[in-house]
Amino acid sequence: IIDDVDKISLEKLKRQLRKLKTSLNVKQLHTLMLFGEVDESFVSILGDFFREANALRVLRLDKISFSVESILHNFSALVHLRYLYLGTKCEREMHLLLIISRFYHLRILYLGSWCQNCHLPKEFSNLVNMRRFYTPADELHSDIVNVGKLKHLEELMVFRVNKKFEGFEPCQLEHLTELRELGIYNLENIHTIEEAAKTNLGENIHLERLTLDWDNERSNIEPGVEAVVLESLQPHRYLQELCIRGHKGSSCPAWLGYKVTVETLHLSGVSWQCLPPLGKMWGLGKVVLEHIPAMEEFVIEQSFCKLIRVELVGLGSFGKWVASQDADHMFPLLQVLIIKDCPQLLELPFASQIVYTSDQGQNSDWFPKLQELQIEKCPELLLVAHIPWTETLHSVNISDVKLLDKLEYSKNSFVGGRCLDIAGKDDLQSLDEVVAFSKLACLERLLLHKCPALQSKHLLLLTSLKKLMVEGSDGVVVEGDVEWQHPLEHLVVQGEESCGKELTELLTHLPSISKLEIEKCEKITQLSVGLDVQQTTSSATEVEEKEEDDSGLLLLPAQLSGTLQLLSIRSCPELVLVDPPFLLARGGLQALRSLKTLQISLCPKILSAKSSPFCCPFPSSLQQLHVAGVEGMGTLGHLLTAGGQLIQLSICGSPGFFAGLNQELKQQLLNGGKEQELQQLVSPLNGCKLQELYTDDAMGILAVPICNLLSSSLSILIFCINQEMECFTKDQEDALHLLVSLQKLMFINLSKLQSLPAGLQKLTNLKELSVWSCPLVRSLPEDGLPKSLQELDVWRCGSAELTQQCQGLVGTIPKIFL
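Residues numbered from 1 in each chain as written. Predicted model: local features only at pLDDT ≥ 70, side-chain atom pairs only at ≥ 80, totals over all residues. Heavy atoms only, no water.

Focus: the pairing of strand β37 (residues 791-795)
In step 1: Along β37, four of the five residues are buried, which leaves the element largely enclosed by surrounding structure.
In step 2: Following the chain from β37 across helix α16 (residues 800-807) to the adjacent parallel strand β38 (residues 815-817), one finds a crossover that is right-handed. (Buried < 20%, exposed > 50% of the residue type's maximum accessible area, 1.4 Å probe, protein only. Helix = DSSP H or I, 4+ residues; strand = E, 2+ residues; numbered from the N terminus. Right-handed = clockwise from strand over helix to strand, strands pointing away.)

Describing the nonpolar core
In step 1: Counting 229 residues, the largest nonpolar core has Phe75, Ile100, Phe298, Leu491 and Phe747 as its most contacted members.
In step 2: In terms of residue count, helix α2 (residues 40-49) provides more of this core than any other element does, five residues in total.
In step 3: Grouped together as the second largest cluster of nonpolar side chains are five residues, Ile716, Ile718, Cys720 and Met746 included. (Core = buried A, V, L, I, M, F, W, Y, C linked by side-chain atoms within 4.5 Å.)

Here's the deal with empty space enclosed by the protein
In step 1: According to the stated counting rule, one finds four cavities of 30 Å³ or more in the structure shown.
In step 2: By volume, the largest cavity is sized at about 120 Å³.
In step 3: The set of elements that each furnish at least two residues to the lining of the largest cavity consists of β24 (490-494) and α8 (500-507).
In step 4: Sorting elements by how many residues they give to the lining of the largest cavity places α8 first, with three residues.
In step 5: Classifying every residue of the lining of the largest cavity gives seven nonpolar, two polar and three charged. (1 Å grid on protein atoms, 1.4 Å probe; cavity = no way out; pocket = protein on both sides within 12 Å on 5 of 7 lines; lining within 4 Å. Points joined across faces, edges and corners; volume = space filled by probe spheres on them. Nonpolar A, V, L, I, M, F, W, Y, C, P; charged D, E, K, R; others polar.)

Describing the sheet that holds strand β2 (residues 58-63)
In step 1: Taken in spatial order, the five strands line up as β1-β2-β3-β4-β5 in an open sheet, and their pairing is parallel. The open sheet has two edge strands, β1 (31-37) and β5 (132-134), and neither has a second partner. Ignoring strand direction, the axes of neighbouring strands in this sheet form an average angle of 5°.
In step 2: Pairing geometry for strand β3 (residues 83-86) and strand β4 (residues 108-111), over four bridges, is parallel. Bridge pairing in β4 links Tyr83 to Ile108. (Pairing = 2+ DSSP bridges. Axes fitted to C-alpha atoms, helices over the stretch in contact; angles between N-to-C directions.)

A short note on the environment of Gly562
In step 1: You can see Gly562 is positioned in the loop between β27 (553-557) and β28 (566-570).
In step 2: Spatially, the C-alpha atoms of Gly562 and Leu595 are 8.3 Å apart, while their sequence positions differ by 33 residues.

Points about helix α3 (residues 93-100)
In step 1: Within α3, burial applies to Leu96, Leu97, Ile99 and Ile100. Seen end-on, α3 carries its buried residues on one side only, within an arc spanning 155°. (Arc of directions from axis to C-beta.)

A word on the pairing of strand β6 (residues 155-160)
In step 1: Of all six residues in β6, five are buried, a share of seventy percent or more.
In step 2: Pairing between β6 and strand β7 (residues 181-185): four bridges, direction parallel. What sits directly across from Arg160, in β7, is Tyr185.

Regarding the environment of Arg218
In step 1: Topologically, Arg218 is positioned in the loop between β8 (209-213) and α5 (223-232).
In step 2: Its relative accessible area of 11% is what places Arg218 among the buried residues.
In step 3: When the C-alpha atoms of Arg218 and Glu188 are compared, they prove to be 8.0 Å apart, with 30 residues separating the residues in sequence.
In step 4: Within the local environment of Arg218, its side chain forms a polar contact with the backbone oxygen of Asp215, the two atoms lying 2.5 Å apart.
In step 5: Of note is the side chain of Arg218, whose polar atom sits 2.9 Å from the backbone oxygen of Gly246. (Polar contact = N/O pair within 3.5 Å; in protein donor to acceptor, adjacent residues only side chain to side chain.)

Description of α5
An α-helix turns once every 3.6 residues. As a result, residues three or four positions apart point the same way.
In step 1: Residues of α5 that are buried: Glu226, Val229 and Leu230. Seen end-on, α5 carries its buried residues on one side only, within an arc spanning 95°.
In step 2: Against the buried residues of α5 lie α4 (193-197), β8 and β9 (241-245). (Contact = heavy atoms within 4.5 Å.)

Describing the side chain of Glu290
In step 1: Here Glu290 shows up in strand β11 (residues 286-290).
In step 2: It is Arg245 that comes nearest to the buried, bridge-free Glu290 among opposite-charge side chains, at 5.9 Å.
In step 3: In this structure the side chain of Glu290 is engaged in a polar contact, spanning 3.1 Å, whose partner is the side chain of Ser268.
In step 4: Setting aside its immediate chain neighbours within four residues, Glu290 contacts His266, Leu267, Ser268, Gly269, Val313 and Leu315. (Lys, Arg positive; Asp, Glu negative; His and termini not counted. Salt bridge = Lys/Arg side-chain N within 4 Å of Asp/Glu carboxyl O.)

Observations concerning the pattern of salt bridges
In step 1: Evaluation of the coordinates by the stated rule reveals 23 salt bridges.
In step 2: The partner of Asp400 in a salt bridge is Lys425, and the shortest N-O contact between them spans 3.3 Å. Within this pair, whereas Asp400 is found in strand β17 (residues 395-401), its partner Lys425 is found in the loop between β19 (419-424) and β20 (445-449), the two being separated by 25 residues in sequence.
In step 3: Relative accessible area serves as the criterion here: at 35%, Asp400 is assigned to the partly exposed category.
In step 4: A relative accessible area of 23% means that Lys425 is categorised as partly exposed.
In step 5: Of the charged contacts, one joins Lys406 and Asp421 as a salt bridge, the two residues approaching to 3.2 Å between their closest N and O atoms. Of this pair, Lys406 sits in strand β18 (residues 404-410) while Asp421 sits in strand β19, and the two are 15 residues apart along the sequence.
In step 6: Relative accessible area serves as the criterion here: at 10%, Asp421 is assigned to the buried category.
In step 7: Bridged by salt links that share partners, the residues Arg131, Arg132, Glu154, Glu155 and Glu178 form one connected network.

Focus on the confidence of the model for the protein
In step 1: Across the protein, the average pLDDT comes to 86, with 87% of residues at 70 or higher.
In step 2: Here helix α6 (residues 353-356) stands out as the least confident element of the protein, with mean pLDDT 35; β8 is the most confident, with 98.
In step 3: Here residues 353-364 is modelled with pLDDT under 50, and outside its nearest four sequence neighbours on either side it reaches 12 contacts, counting other chains as well.
In step 4: Counting interchain partners and residues more than four positions distant, the pLDDT-below-50 stretch residues 533-548 has 13 contacts. (pLDDT = per-residue confidence, 0-100.)

Points about unusual backbone geometry
In step 1: Here the phi dihedral of Asn146 falls at roughly 55°; this positive angle occurs in a residue that is not glycine.
In step 2: Secondary-structure assignment places Asn146 in the loop between β5 and β6.
In step 3: With a relative accessible area of 22%, Asn146 lands in the partly exposed category.
In step 4: The phi dihedral of Lys520 is positive, around 55°, even though this residue is not glycine.

Observations regarding the state of the cysteines
In step 1: Using the criterion set out here, one finds zero disulfides in the structure.
In step 2: Left unpaired, Cys252 is separated from the closest cysteine sulfur, that of Cys274, by 7.7 Å.
In step 3: On the accessibility criterion, Cys252 (17% relative accessible area) is buried. (Disulfide = S-S within 2.5 Å.)

Quick look at the side chain of Asp793
In step 1: Tracing the sequence through the fold places Asp793 in strand β37.
In step 2: For the buried residue Asp793, which engages in no salt bridge, the nearest side chain bearing the opposite charge is Lys744, 8.4 Å off.
In step 3: One polar contact links Asp793 to Trp772, side chain to side chain, over a distance of 3.3 Å.

So, the packing of aromatic side chains
In step 1: Taken as a whole and judged by the stated rule, the model has 13 aromatic pairs.
In step 2: Taking 5.4 Å as the distance between ring centres and 85° as the angle between the ring planes, the aromatic pair formed by Phe75 and Phe103 counts as edge-to-face. Of this pair, Phe75 sits in the loop between β2 and β3 while Phe103 sits in the loop between α3 and β4; the two residues are 28 residues apart in sequence, bridging distant segments of the chain.
In step 3: What makes Phe103 buried here is its relative accessible area of 0%.
In step 4: Among the aromatic residues, ring-to-ring pairing joins Tyr85, Tyr110 and Tyr134 into one connected group.
In step 5: The cationic tip of Arg60 hangs over the ring face of Tyr85; the distance from NZ or CZ to the ring centre is 3.6 Å. (Phe/Tyr/Trp six-rings, centres within 6.5 Å; stacked < 30°, edge-to-face > 60°. Lys NZ or Arg CZ within 6 Å of the ring centre and 35° of its normal.)

Spelled out as structure tokens, the structure:
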């Protein structure tokens, strides 16, 4: 096994082989398996080691990019081989295949992707003992001339009938009596009963899987002849899987469903006026019906008790399900139901009045085992809510039906829990039409896109719901004056339909919200916090009297101050943060004492009503703050100094933020002239906890007071997306050197930056340095890099000189990426 072997291990392996050769009798070696990719230096050692290996029975070469004979010099003499596996690319393919054709004892042959476009030599049929022939593409099987000589063959995936060339006649199949799987293609080239009979399918008692295929692209169609031919291709009665494609006879063969009953039936592109009697096939477990123009109905019979999978695809006339009189249990074992491209289909088998009635006990017997439901491109299908939401159901994918663009359900989504994702169409009037809320008590995530309002009575039925996302929808309608609460934890509201008044009312009923996300809500123009739950009714009345026409105010109830941990506000261009009414709490968001993560982007006016440039509107409990595209940013001094919990900070598109911090420090100095207090504030011992900083304001952050403030805590610093900065000044470089705890430094998309800062070797703890998409940076710093550096990553900078410099550091820095 040579996979992932480093140079040291490879040398050790070579020594072991040399030692082994002294004790191993290679002449008597029967089995050789080589896993992994062999380099050229190793080929000669293997070639010398196996020079006398003439008695091999089993040979496997997993990955070879060289001639097989370079390892096995006497490869052509390995006539005792029973098993041969040749993996990836080989040289001189035809030469190699001619050699393989001499291995008369070969039973199992595996050829890798290298032979995908090869042609088999006519001598290949000399392998008279071969049982299995594995290829990357089944089509290679059709290239075996005189395949009838391979009497022990167990799988012939593709046999193409071609009477024009010797060796591909139907009679080639006559003596292949040990076949387990057979695919016969180009059956349009058989015209008589006698020719069809020569395939001898009825006598091949070992055959398990059979494909009969007429070319759909053929120009000449003879329905009468094809009907006779298919009738003569009757397999033995114990066949397990049958696939018939492209047959243009007017009826199915008389033997199908009576003399031959299979477990899997696949019919594609047939022109039959009537389907075979599926109800006669008591062992039928899988049915695939596709592109059958005449099929108008699917008859459900009692005998479908073993049916596990049904696929109906491209049935242009299929419009209804018909239940036979004895079909009282429908599909008791059905696990997978797939329906695609059926433009006339109006309903599903569980869409009848039988399933509508909730008090009929037999409904649970119809689909008790259903696991997967997939429906696509059935534009007339009126999808009702009564999908069988059984405990076994783990996947539903529905798209392009009458009321819905999509409905996706996953029992175990990658983000965790049971999730339902619905996107409605304009004619969807109520969610009751597509969702049975009473059966979804275990649902944990609900995503609504362009849907009617979710009524509070529906929400209360979803007792396990943890996350609700409403996008471009009418939101949630709170009905009546009845007091109620729901344990929802995560609420996402997106789209211009949402207004502040409705959202305020909803939040008063959600006391457990820990994550709140608001995006593209243009109707929400004001944000405030601090309204007490007990005062909601009276206060709301007073607010209405003051601002009768203003529904844009979003009041976060005071009850959220102890639960809300994440608040995200994005793309609300008119939103302004205002003081709470009646002064029930501190200004801004400071009343949200449990808030740990705050994200604000593309809300330029949100801080425009702030009373003082030195008054921070954010609570000191914040651990992560991400701000982008916000005007009038003041400072966050109290978040960075003693008492602040901020660990991660991202500031982009908000000029003047760091200048404000510098100004605050200077202002504190001027207010009383206490220089000692200022030095204590910016001292590394000030308790600052900030570890990660992302910013496009390199010039603002690199000031001595700020870098002193961050020197003992900051471990990751990323300068990104600055299209103005050309270089670092001496003062900025000196400030950067103060960040002695820095371990990771990145420069990303700085289009005008011409050089990296000097003196990086002073950052003695720096382990990672990355320079991405900085096209004008031509070289590394002249005074070198820190000895602590473990990783250097330079990507899309376009400088040959910079690349050459990095290549010259190979061996001195453990990881270099270019």
